[in-house]
Amino acid sequence: MSTPKRWDVLGVGCNSVDHVYRVPALPQGDSPTAKVRITSHTMSFGGQTATAMAACAALGLRAAYLGAVGNDAAGAGVRGELARRGVDVSLLLTRDCANRFAVIPVDEHNGDRLVLWGRDPRLGLQEHEIRSETIAAARLVHVDDEDEAAAIRAARLARDAGVPATSDIDHITARTGELVAAVSIPIFNAHTLPALTGEGDPMRGLHALRRSHPDGLLCVTLGEHGAMLLAGSEVVHEPGYKVDAVDTTGAGDVFRAGFIHALLQGRPPREILRFANAAAA
């Protein structure tokens, strides 16, 4: 008899306090926009995995978050906001340092943004903090690539426990290949897939990745153009929904939450993409 799962989804990864500045245009060096006046400023709680778990909870999933916060007011704010949004924070770790933060200028005309961030090394998750019984208590595990060694361990433990693992792979390092191999359902963004495979076309990139990742779904997000998924040898593409973008920060995180929700419902690949695209929009 199988043991009942404590959570639908467990997120292992980063959180952040985001300072968002709306500006008339994104700054460009040696140009008329090298200096721009801030239109408005807001502070919000974010980070790839924390945002994805908050979105999963909003979609009705039993979500938990395993990450580290600082022992400052910002860290307390992250903990409080996750709990307020229905995310289980019983696994949250507290470090003796300031919390991770980001400064995000956003173009008020089209929602495009830049992300400038800082993080104390003491906030890093360690491999020994990822326990097999914790991973096995979830129906699905979601990881990002901020602390790669911990993410790789979490994904490998998930595979050993027969638990699917999704990912948010944001940049390429010497260990990205290990992380991709460990994750059963890797999800890339538009710039990481070509950097990993050497293929500029997303369809060719997914097929190239299939040679080293023979099982499971492979997915790449394409911004306003939607997303593409490789299921077996079948390529599924769903265009993005047309919206007036106010701020694109977190759209990829919410895409992954929608993807996870639809996947756990057992929806077919095309419906998974449609739902994830709608959530992101």
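Please refer to the structure higher up on the page.
Each value, and the rule that gives it
Residues numbered from 1 in each chain as written. Predicted model: local features only at pLDDT ≥ 70, side-chain atom pairs only at ≥ 80, totals over all residues. Heavy atoms only, no water. Helix = DSSP H or I, 4+ residues; strand = E, 2+ residues; numbered from the N terminus. Rg over C-alpha atoms; globule rule 2.2 N^0.38 Å. Buried < 20%, exposed > 50% of the residue type's maximum accessible area, 1.4 Å probe, protein only. Contact = heavy atoms within 4.5 Å. Areas by Shrake-Rupley, 256 points an atom, 1.4 Å probe, with all protein chains shown as cover. Lys, Arg positive; Asp, Glu negative; His and termini not counted. Charge placed at Lys NZ, Arg CZ, Asp CG, Glu CD. Pairing = 2+ DSSP bridges. Axes fitted to C-alpha atoms, helices over the stretch in contact; angles between N-to-C directions. Salt bridge = Lys/Arg side-chain N within 4 Å of Asp/Glu carboxyl O. Expected span 1.5 Å × (residues − 1). Arc of directions from axis to C-beta.

**Structural notes on the overall build of the protein chain**
Then, number 1: A tally of helices and strands in the protein chain yields nine helices and 14 strands.
Then, number 2: By the compact-globule yardstick of 19 Å for 281 residues, the protein chain fits well, its C-alpha radius of gyration being 18 Å.
Then, number 3: Relative to its 281 residues, the protein chain shows a buried fraction of 48%.
Then, number 4: Intrachain contacts of the protein chain at a sequence separation of at least 6 include 65% that bridge at least 24 residues.
Then, number 5: A total accessible area of about 13000 Å² is found for the protein chain, and carbon and sulfur atoms account for 53% of it.
Then, number 6: For the protein chain, the distance from the average site of its 28 positive side-chain charges to the average site of its 33 negative ones is 4 Å.

**So, the sheet that holds strand 4 (residues 63-66)**
Then, number 1: Taken in spatial order, the four strands of this open sheet run 4-1-9-10, and their pairing is parallel. The open sheet has two edge strands with one neighbour each: strand 4 and strand 10 (165-168). Across the sheet, the mean angle from the axis of one strand to that of its neighbour is 20 degrees, orientation sign disregarded.
Then, number 2: Both strand 9 (residues 138-144) and strand 10 contribute to a ladder of four bridges, which runs parallel. Residue pairing across strands places Val 143 opposite Ser 167, the latter belonging to strand 10.

**Quick look at the pattern of salt bridges**
Then, number 1: Going through the model one piece at a time under the given rule, you end up with 17 salt bridges.
Then, number 2: Note that Arg 62 is salt-bridged to Asp 8, the shortest N-O span being 3.0 Å. Of this pair, Arg 62 sits in the loop between helix 1 (48-58) and strand 4 while Asp 8 sits in strand 1 (residues 7-12), and the two are 54 residues apart along the sequence.
Then, number 3: Arg 62 sits in the partly exposed class, given a relative accessible area of 38%.
Then, number 4: Here Asp 8 falls in the buried class, since its relative accessible area comes to 8%.

**Focus: helix 9 (residues 269-280)**
Then, number 1: With twelve residues, helix 9 should cover 16 Å at 1.5 Å per step; its first-to-last C-alpha distance of 17 Å lies within 8% of that length.
Then, number 2: Every buried residue of helix 9 is listed here: Ile 272, Leu 273, Ala 276 and Asn 277. Mapping the buried residues of helix 9 onto a view down its axis gives an arc of 125 degrees, with all of them on the same face.
Then, number 3: Against strand 12 (217-221), strand 13 (227-231), strand 14 (234-238) and helix 8 (251-264) lie the buried residues of helix 9.

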